[in-house]
Structures are given as structure tokens and as C-alpha cells.
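Structural overview for review
Okay, here's what each chain looks like letter by letter:
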Amino acid sequence: MRKASVAGSFYPANCSEIETHITYFNEVLDKNIEEKDRKLFELKPKALIVPHAGWVYSGFTANFVYRMTKNYENKRVILIGPSHKIAYEGASICLENEYESPCKNLKIDIEYSEILKEKFNLINLPTAHAEHSTEVQVPFIAHYIKDVELVEIVYSDYSPAKLSEIINFLLGDEKNLVVISSDLSHYYDKKTAMALDYNCIQAVHDLDEKLLDKCEACGKIGIGAIIKSAEDLNLTPLIVDYRTSADASGDENQVVGYMSAIFV
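Since the structure is predicted, the reported quantities are computational estimates derived from the model, not experimental observations. (Residues numbered from 1 in each chain as written. Predicted model: local features only at pLDDT ≥ 70, side-chain atom pairs only at ≥ 80, totals over all residues. Heavy atoms only, no water.)

1. Points about the overall build of the protein chain
In terms of helices and strands, the protein chain carries 9 helices and 10 strands. Computed over C-alpha atoms, the radius of gyration of the protein chain comes to 17 Å, within 12% of the 18 Å expected from 2.2 N^0.38 for 264 residues, which places it in the range of a compact globule. Dimensions along the principal axes, computed over C-alpha positions, put the protein chain at roughly 45 × 45 × 35 Å. Taken over 264 residues, the protein chain has a buried fraction of 53%. Here the protein chain holds 27 positive side-chain charges and 40 negative ones, and the gap between their average locations is 3 Å. (Helix = DSSP H or I, 4+ residues; strand = E, 2+ residues; numbered from the N terminus. Rg over C-alpha atoms; globule rule 2.2 N^0.38 Å. Buried < 20%, exposed > 50% of the residue type's maximum accessible area, 1.4 Å probe, protein only. Lys, Arg positive; Asp, Glu negative; His and termini not counted. Charge placed at Lys NZ, Arg CZ, Asp CG, Glu CD.)

2. Examining the pairing of strand β7 (residues 176-181)
With 6 of its 6 residues buried, β7 lies for the most part within the structure. Of the two faces of β7, the one lined by Asn 176, Val 178 and Ile 180 and the one lined by Leu 177, Val 179 and Ser 181 are each fully buried. In terms of strand pairing, strand β1 (residues 47-50) meets β7 through 4 bridges, oriented parallel. The residue of β7 that forms the bridge with Val 50 is Ser 181. Where strand β2 (residues 76-82) and β7 come together, 5 bridges link them in parallel fashion. Bridge pairing links Val 77 to Leu 177 in β7. (Pairing = 2+ DSSP bridges.)

3. Here's the deal with the side chain of Thr 61
Inspection of the secondary structure assignment puts Thr 61 in helix α2 (residues 55-66). Every residue in contact with Thr 61, bar those within four places of it in the chain, is listed here: Pro 51, Asp 241, Arg 243, Tyr 258, Met 259 and Ser 260. (Contact = heavy atoms within 4.5 Å.)

4. What about the pattern of salt bridges?
Throughout the structure, instances matching the rule amount to 14 salt bridges. Of the charged contacts in the structure, one is a salt bridge between Arg 2 and Glu 135, with a shortest N-O distance of 2.6 Å. Here Glu 135 lies in helix α4 (residues 132-135) and Arg 2 lies in the segment before α1 (15-32), a separation of 133 residues in the sequence. For Arg 2, a relative accessible area of 3% puts it in the buried group. Within this structure, Asp 30, Glu 35, Arg 38 and Arg 67 form a network of salt bridges that share partners. (Salt bridge = Lys/Arg side-chain N within 4 Å of Asp/Glu carboxyl O.)

5. Topic: helix α6 (residues 160-170)
Listed in full, the buried residues belonging to α6 are Leu 163, Ser 164, Ile 166, Ile 167 and Leu 170. All buried residues of α6 project into a common sector of 160° when viewed along the axis, lining one side. Packing partners of the buried residues in α6 comprise β2, α3 (110-119), β6 (149-155), β7 and α8 (220-233). (Arc of directions from axis to C-beta.)

6. Focus: the side chain of Thr 69
Relative to the assigned elements, Thr 69 resides in the loop between α2 and β2. There is a polar contact of 2.6 Å between the side chain of Thr 69 and the backbone oxygen of Tyr 66. Among residues more than four places away in sequence, those in contact with Thr 69 are Leu 48, Tyr 144, Ile 145 and Leu 177. (Polar contact = N/O pair within 3.5 Å; in protein donor to acceptor, adjacent residues only side chain to side chain.)

7. Focus: the pairing of β1
The side chains of a regular strand alternate between the sheet's two faces. Of the two faces of β1, both are covered, the one formed by Ala 47 and Ile 49 as well as the one formed by Leu 48 and Val 50. Here 3 bridges tie β1 to strand β10 (residues 255-263), and the two strands are oriented antiparallel to one another. The partner of Ile 49 across the bridge, within β10, is Ala 261.

8. Looking at the packing of α1 against α2
Close contact between α1 and α2 brings their axes to 10 Å; oriented N to C, the two are set at 65°. The hand of the α1/α2 crossing is right-handed. Across the interface between the two elements, Ile 18, His 21, Ile 22, Phe 25, Asn 26, Val 28 and Leu 29 from α1 touch Trp 55, Gly 59, Phe 60, Asn 63 and Phe 64 from α2. Each residue belonging to the contact of α1 with α2 can be placed in one class, and the counts come to 8 nonpolar, 4 polar and no charged. (Axes fitted to C-alpha atoms, helices over the stretch in contact; angles between N-to-C directions. Left-handed = near helix turned anticlockwise from the far one by under 90°. Nonpolar A, V, L, I, M, F, W, Y, C, P; charged D, E, K, R; others polar.)

9. Regarding the nonpolar core
If you look at the biggest cluster of nonpolar residues, it comprises 39 residues, and the most contacted ones within it are Ile 49, Ile 80, Leu 122, Ile 153, Ile 167, Ile 223 and Phe 263. It is α8 that provides the largest number of residues to this core, a total of 5 residues. (Core = buried A, V, L, I, M, F, W, Y, C linked by side-chain atoms within 4.5 Å.)

Given below as C-alpha cells:
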């Protein structure tokens, strides 16, 4: 079992509370979305960029893109996120059988994970997987996608180019949905944060890896990798939502930035 490590802190530990949160996110979205943007929900993205802070801050932004996956069935979701607790060389893949989550435990595709481990010389470092960047995504996935299986990759000292090779392979299988987890700038005042985050957003929008030099994001390796893969595979990026923690907290002195995007 890949045990849940941040249930009750980053997101609710109770299933009914998770469903209440998702219902609320969708009610706010339906109330505020422009009619022309409702066509987004007809798209079937091949990859997502999502934030990974506590749901009270970034849950709306993440839910926006996860709602686009609700029509998927029999999908495999590959969660790719940065390690926050420990540093190591490489990228670790989870080799447990199940992923613990409040509403239902999800199956981990062990056979496919073993293939990826061997093909791309990944490691298996169990302590790396007590990681919130990937875990906070799982209740959304369990809610929206039926019969889903998971693969979890947590990277530390790893190159965007190597990670892009993995993503290119993953996106060769129509069953796969790739989820890149990253928050943006941390603990600047809101004006400074938005200026820094603009570089990240523009880099994704323009598929311009050079702009990432001016981007501050804990998952910048993952963002760089999906930009390169989008170029290789002729995918089109769409920025879906951007906001900061100030939208939830009201504190504009030290904010964290959150972006969600899709690739179709």
C-alpha cells in the first residue's frame, strides 16, 4: 500500500468532505465561467499541469482541469511531481500495489511501472513517495475517472530532457493521461509573484523553455519536460486557470502562485 501521508492536512481525510469540496469547486466554476469557455469541457487532454498546495488554496485551480477528464474510462494516470522532503539523484517510481485514498483505494499498475523502471533506469525509493505533490491529485482522479490505474513518479535531481523522454513514451499510449504537478512562485508579495508567474505561464503558452529561466516553480523540471514533449509531439497548450493563495487567504504579502493547463 502506498499510504496516504497528507490526508487531513493538504486535503480532507473524510470522503464526504472531499465530495463536498469538489461540489463547491464546481458550483463556483459554473457560476463564474463564461459561456464560450464551457467548450473546454468537451476537450480530452493528453496531459495536465496542476498545482499541489492545500485544497483550500489550489483545489479550485486543480479541479478545473480534472473536470475535463470525467468522460475518461479505463485510463492510466501517470502522476509526476517533485520531491519536497528528501533530495536524491534521479526519479523514483512507486512499486506498491495500491494507493490509499479516502474515497477509495486505487490500483497501481505494477506491471507497467516495472516496464518504465527498467526502460528508463528509474529507481524505487519508498521514502520519496510520502510526497504531497502527487498525493493531493489522487482524490480528484478517484472522483472523476472510472476504472483508473495509477503510476507515480517522484523526481529530485533529474533533467527535463530525461523526463521528457519518459513523457514521450507515455503519450504514445492513448490509455495514458500524464499529470505534471507544480506550484509557481513562493512567498513574494502578490505583485512580484504575479510578475514571476507570468514567465511560467508564458513559457507554457508559447512552448518556450528559455522563458523558464525567469520562472520560479518547485516543479520546473516537470514543466520544462512537458514543454519539450509538447514540441516533440505537436501538442497544443491551453492555460486554464491562474490565481494565488491571496484569493483564498486575503494575505497579499506572502503568496504562492497556482496554474493549471492542458495539452491537447
